[in-house]
Amino acid sequence: MDLYRYTENLSLFIDIARNGSFSSVARRHGVNPSSIMRKINRLEDVMRIKLFIRSPRGLMLTDAGEALYLRSIKILDALCDMYSEIGSMNTGLKGTLRVSCLPTFAKLHIFPWLSEFKKNFPDIDLALDLTERLTNPSIERLDAVIRIGPLKDSVLYATHIADQYWIACASPFYLQNHGHPSGLDELEGHHLLDKFQDPYSICWRRVIYQDPERKHHIYLRCNDFDALRISAVHGLGIAFLPNWVVGNDINAGRLVKVFDDPQRQTQEIHLLRAEPKVSPRLTVFLQTLRKHLANELGKP
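My aim in this report is to walk through the structure given alongside it, one point at a time. (Residues numbered from 1 in each chain as written. Predicted model: local features only at pLDDT ≥ 70, side-chain atom pairs only at ≥ 80, totals over all residues. Heavy atoms only, no water.)

**Concerning the side chain of Asp 194**
Thinking step 1. On the secondary structure map, Asp 194 appears in strand E7 (residues 191-195).
Thinking step 2. Lacking a salt bridge, the buried Asp 194 has Arg 221 as its closest oppositely charged neighbour, with an N-O distance of 5.0 Å.
Thinking step 3. A distance of 3.3 Å separates a polar atom in the side chain of Asp 194 from the backbone nitrogen of Trp 204. (Helix = DSSP H or I, 4+ residues; strand = E, 2+ residues; numbered from the N terminus. Buried < 20%, exposed > 50% of the residue type's maximum accessible area, 1.4 Å probe, protein only. Lys, Arg positive; Asp, Glu negative; His and termini not counted. Salt bridge = Lys/Arg side-chain N within 4 Å of Asp/Glu carboxyl O. Polar contact = N/O pair within 3.5 Å; in protein donor to acceptor, adjacent residues only side chain to side chain.)

**Some points on the pattern of salt bridges**
Thinking step 1. Scanning the model with the defined rule gives seven salt bridges in all.
Thinking step 2. One salt bridge connects Asp 226 with Arg 229, and the closest N-O pair in it is separated by 2.8 Å. In this pair, Asp 226 and Arg 229 are both assigned in helix H9 (residues 225-233), three residues apart and thus about one turn of the helix distant. Arg 229 shares its class with Asp 226; the two are buried.
Thinking step 3. Among the salt bridges present, the one from Arg 229 reaches Asp 249, with a minimum N-O distance of 2.8 Å.

**Description of the environment of Ile 36**
Thinking step 1. Within the secondary structure, Ile 36 is located in helix H3 (residues 33-47).
Thinking step 2. Residue classification places Ile 36 among the buried residues on the basis of a relative accessible area of 3%.
Thinking step 3. Put simply, Ile 36 and Phe 22 are 14 residues apart on the chain and 6.7 Å apart in space, counted from C-alpha to C-alpha.
Thinking step 4. Once residues lying within four places of it in the same chain are set aside, the contact partners of Ile 36 are Leu 12, Ile 16, Phe 22, Val 25, Ala 26 and Val 31. (Contact = heavy atoms within 4.5 Å.)

Laid out in structure tokens, this is it:
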């Protein structure tokens, strides 16, 4: 079976699966829909499976089509990454790279290595959009965004770069003076550092406010993760923050892990882009970021 002759149609298959239409993909490629359909028919013949089901609501993937879709994305992403990495060895790395992420994430996991990055790639101009809002590279002038949590933009290409989990932590000074609680049952009377506005209940609200009988002392509220981290380092109380916020301080001994997240929640951290092809500029940025995160947080 000559599978390799038809792998060129995998990107076309992914495009159709994302758009749910032969005609819209045909218009973008400047060809007739029948031409697109023939290529998909050939792919179905060589794979000996049915990829799509036509319904009044449009095209739907079969179970086999869904499996091929998930595998194809990973395969083509790997090929694009390889192409960009190899190509960057002989291509001038220059121009502007626009990346969006949370302000605290940039302060802790981008700015520490920027000086060395600029020495290695002096012609790459980095433009960082530091914001709490969910930016979208498909509609904004961005090469990539760093996003934490479930992915809702199915049209974006995602690269998993790390995992987020939550840690209750405090300074050695605070624990020496106030004691070391071993879990939620021993938090009563302790100084808790919490997020001021927490509509999604991601900090202390998620784990302690479920029991109205217990009295917890919210010693300080603040909207900024980095400010809560600094408050914990200076002994103001116990913070409940993501590993990427406090990991470096725990490694350095400035903070001590008090206990793990009782709910053991984990969220993935991704770098998202609108284009399937990774530019040489984004490739070297991603490689540097992943190396830093692996050293700080461990490999994803």
